[in-house]
Amino acid sequence: MKGFFKFVFASMLGFFLSFIVIGILLILLIVGIASSSGSQEVKVEPGSIIHVSLSVPILERTVKGPLDDINFSGVGVSKNMGLNDILVALKRAKTDDNIKGIYLDLSVVQAGMATVEEIRNGLLDFKKSKKFVIAYSEVYSQKAYYLASVADKVYLNPEGLLEFTGMSSQSVFFKGALEKLGIEPQIIKVGTFKSAVEPFILDKMSDANRKQVTSFLGSIYDHMLTRVSASRKIPKDSLFAIANQLKVQQAKDAVTYKLADALRYKDEVIDELKAKTGIDKKKDIKSVTLSGYIKGNRPDEGDLDSRVAMVYASGEIMGGEGDDEMIGSERISRTLRKVRTDEKVKAVVLRVNSPGGSALASDVIWREVALTRKVKPVIVSMGDVAASGGYYIACAADSIFAQPNTITGSIGVFGILPNMQNFFNDKLGITFDQVKTAEYADLGSVTRPLTVGERMIVQNEVNRVYGTFTKRVADGRKKTQSYVDGVGQGRVWSGTEALKIGLVDRLGNVQDAVNSAVKMAKLKNYKLVEYPTQKDPFESIFSSGEDKLKEHYAKLQFGESYNYYKQLKTILQGTGVQARMMYNLEIK
C-alpha cells in the first residue's frame with residue numbers, strides 16, 4: 001500500500017510539473033505572438049547606416065516563428081533571415097534617402113557560396129547609388145572576405161586574421177566505423193561518379209570522385225579569384241600566388257598584399273562611419289540592423305492580375321508534406337497545380353536549392369513542372385545546390401539559371417540497404433527467425449544479407465530509375481539520352497561547367513530568372529507572389545516543436561560533428577531508390 005501511494009504521489013507530482021512547464025510555454029508563446037504581431041516597423045533616421053551581420057542562417061526565404069525572439073533556459077527557435085528579404089532590403093536601401101551607407105560586420109557568414117554570390121551582387125547594385133560600403137572584422141573567413149571584397153574599404157583588426165588560403169572540400173568516411181559495428185551497407189547504384197555512397201564503402205575518395213571534386217572546386221575557385229580581382233584591382237595570378245604561398249599569415253600581410261585597406265580597431269571604424277554620416281564623435285551613430293531594416297520591406301507594387309509565382313523548393317526531397325526546409329512532394333506538387341490553374345499567374349519561377357533525395361518524390365514533382373510548362377512559362381533559378389533529385393525537378397523547365405558557384409548535375413541514382421545481421425548477432429546477442437509465405441516476402445530485411453537474386457531485382461530497379469531520370473533530362477534539355485548519360489553518371493558540376501555542357505542555359509541570379517519569366521510571358525506590369533504559403537507561426541510551433549528540440553539538443557551533444565551524425569542517420573533511414581548527391585559537401 002505504501003508503494004501504491006508513492007506511485008500515486010509521483011504521478012501527481014509529474015502531472016503538476018508538466019502542467020507548470022506547459023503553462024510557461026503557453027505564456028511564452030502568447031508573448032511571442034503578441035510581440036511579433038504588434039511589432040512596429042523600425043524607424044530609420046536620416047543619415048543612418050545599415051549594420052549588416054550574417055551570423056544567423058541565411059535561408060531561401062525567412063521562416064517566421066512566434067518564439068524567434070525568446071530563449072528559455074537555452075532553448076529557443078533558431079533565428080534566420082531569408083535571402084529574399086535581404087535582396088529586397090538592399091534594393092530598397094539603394095534609393096532610401098535616409099540610408100547613407102552600409103557597414104558589413106562579417107565575423108560569421110552562415111550561407112552557401114551561391115547565396116553569398118546573390119548578396120554580393122546585391123551590394124554591388126547598391127553601390128551604384130554612390131553610397132559607401134565599409135567592411136570590418138576581427139577575423140575574415142575566406143567566404144566572408146569574398147563578400148567583403150566589394151566594399152569601398154576593407155578593414156581588419158590589427159591582431160586579427162584574414163583567411164586567403166584557396167578552397168578545400170573534405171569528406172568523411174564511415175566504412176571503418178560500420179565494420180567495427182558489424183554493419184554492412186549493401187550498395188546498388190548507377191553512375192561512375194555517384195559518390196553519395198562512397199562514405200559507407202570506402203575509406204577515401206575514389207579516383208572518379210577526386211576528379212569531379214577537383215574540377216568543380218577549381219571552377220568555383222577561379223570564379224572567386226576573378227571577382228575579387230575585379231573588386232580589389234589585383235591581378236588574378238597575384239591572388240593565386242598569395243593563396244598558394246600563404247603570404248597572408250598576419251594582419252599586416254593583408255594590407256601589404258592589398259587584400260585589406262588598413263588595420264583598424266572597431267572604435268576607429270565607428271569614428272569613420274560617424275564622419276561619413278556627419279555625426280559628432282561624441283554622439284551615437286545612427287544605424288539600423290539589417291534584420292530591423294528588413295521589417296520595413298513592403299511588397300512590390302504591381303498588377304495582381306498578372307502574377308509571377310516564385311515557388312520555393314528548398315531542402316532534401318521526400319514524399320509527403322515537407323515544410324520550408326524540406327521539399328515534400330505533396331506540398332510542392334499541390335502548389336504547382338495551384339499556380340498552373342490560377343489564371344492570374346502568368347509565369348512561374350521555381351527556386352531550387354536541394355541536394356536531392358527520393359527519386360520517386362522527385363518524379364512526382366517533375367510531372368507537375370512538365371504539366372505547368374505546357375500552359376505557362378516555367379523558369380528555374382538554382383541556389384547553392386540543385387543536384388541529383390534537385391536537378392531532376394528542374395530539368396523540365398523552359399530555361400534554367402544558375403550561379404557560377406552553384407553545385408548541380410549529379411544525374412545518377414542509388415539504393416542502400418544495411419545488412420545488420422552481424423551487429424545484432426555479435427554485438428547485441430540478438431537472433432531472428434521467421435516464417436514466410438512467398439520467396440520474396442522479406443525482401444528488404446536488414447537482419448540478413450541480400451541474396452544474389454534479390455540484389456539483381458534491386459539493381460534492375462535502380463537501372464530503370466536511372467533510365468527514366470536520363471530520359472527526363474534528355475527531353476527537357478533537348479539532348480539525346482546517350483549524351484545525358486555521358487555527362488551524367490552521377491557527376492557533379494559547377495554552374496559554370498554546367499553551362500558549357502548544356503545542363504543550364506544561363507548564369508544569373510534570382511532577378512535574372514524573374515526577368516526571363518516576365519519576358520516569356522510578355523508582361524509589362526506584374527506582381528511577384530511567393531509560394532507555397534508558409535505555415536502560421538502558431539501552427540508550426542506545435543507541428544514541429546518536438547523535432548526542433550531534438551535537433552537543438554543533438555547539436556549541443558555533437559557540436560561540429562552534428563552534420564556527420566545527420567548524414568549517417570539520413571542514409572541509414574532512407575527508403576526506396578535515391579537521387580541524391582554526395583553528403584555533407586562543404587567548401588572552405
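Check the entry above for the structure.
This section reports on the structure supplied with the text. Treat the numbers as computed from the prediction; the structure is a model and nothing was measured. (Residues numbered from 1 in each chain as written. Predicted model: local features only at pLDDT ≥ 70, side-chain atom pairs only at ≥ 80, totals over all residues. Heavy atoms only, no water.)

Enumeration according to the criterion identifies six aromatic pairs in this entry. Judged by centre distance (6.3 Å) and plane angle (80 degrees), the rings of Tyr140 and Tyr145 are edge-to-face. There is no split in this pair, since Tyr140 and Tyr145 are both buried. A ring pair is formed by Phe174 and Phe200, whose centres lie 5.6 Å apart and whose planes are at 20 degrees; its orientation type is stacked. Remark: Phe200 occurs in helix 6 (residues 198-201) and Phe174 occurs in the loop between strand 6 (153-162) and helix 5 (175-181); sequence separation between them is 26 residues. Of the residues examined, Phe174 reaches a relative accessible area of 10% and is grouped as buried. The class of Phe200 is buried, set by a relative accessible area of 2%. Clustering of aromatic rings is evident, with ring pairs tying together Tyr140, Tyr145 and Phe164. Here the guanidinium or amino end of Arg120 rests over the ring plane of Tyr146, the centre of that ring lying 4.5 Å away. Lying across the ring of Trp493, Arg491 places its NZ or CZ 4.3 Å from the centre. (Phe/Tyr/Trp six-rings, centres within 6.5 Å; stacked < 30°, edge-to-face > 60°. Buried < 20%, exposed > 50% of the residue type's maximum accessible area, 1.4 Å probe, protein only. Helix = DSSP H or I, 4+ residues; strand = E, 2+ residues; numbered from the N terminus. Lys NZ or Arg CZ within 6 Å of the ring centre and 35° of its normal.)

Another aspect to go through is the side chain of Thr335. Along the chain, Thr335 falls in helix 12 (residues 329-341). At 2.8 Å, the side chain of Thr335 and the backbone oxygen of Arg331 are in polar contact. The contacts of Thr335, once residues within four sequence positions are left out, are Val311, Tyr531 and Pro532. (Polar contact = N/O pair within 3.5 Å; in protein donor to acceptor, adjacent residues only side chain to side chain. Contact = heavy atoms within 4.5 Å.)

Before going further, it helps to spend a moment on unusual backbone geometry. Here the bond from Tyr531 into Pro532 is cis, since omega is -10 degrees, no more than 30 degrees from zero. Looking at where Pro532 falls in the secondary structure, it is placed in the loop between strand 22 (527-531) and helix 20 (537-558). With a phi angle near 55 degrees, Ser410 is a residue other than glycine that sits in the positive phi range. Residue placement: Ser410 occurs in the loop between strand 18 (407-409) and strand 19 (413-419). Here Ser410 falls in the buried class, since its relative accessible area comes to 1%. Of note, the phi angle at Lys522 is positive, near 55 degrees, even though the residue is not glycine. Its location among the elements puts Lys522 in the loop between helix 19 (510-521) and strand 22. By relative accessible area, Lys522 is classed as exposed at 75%.

The subject of this paragraph is the nonpolar core. In this structure, Leu54 and Phe164 are the most contacted members of the largest nonpolar core, which totals 63 residues. Take this core: its biggest share by element is eight residues, from helix 7 (residues 207-232). When neighbours within four sequence positions are excluded, Phe164 is seen to be in contact with Gln142, Tyr145, Met224, Leu225, Leu239, Ile242, Ala243 and Leu259. If you look at the next biggest cluster of nonpolar residues, it comprises 54 residues, including Leu336, Ala397, Ile411 and Ala498. (Core = buried A, V, L, I, M, F, W, Y, C linked by side-chain atoms within 4.5 Å.)

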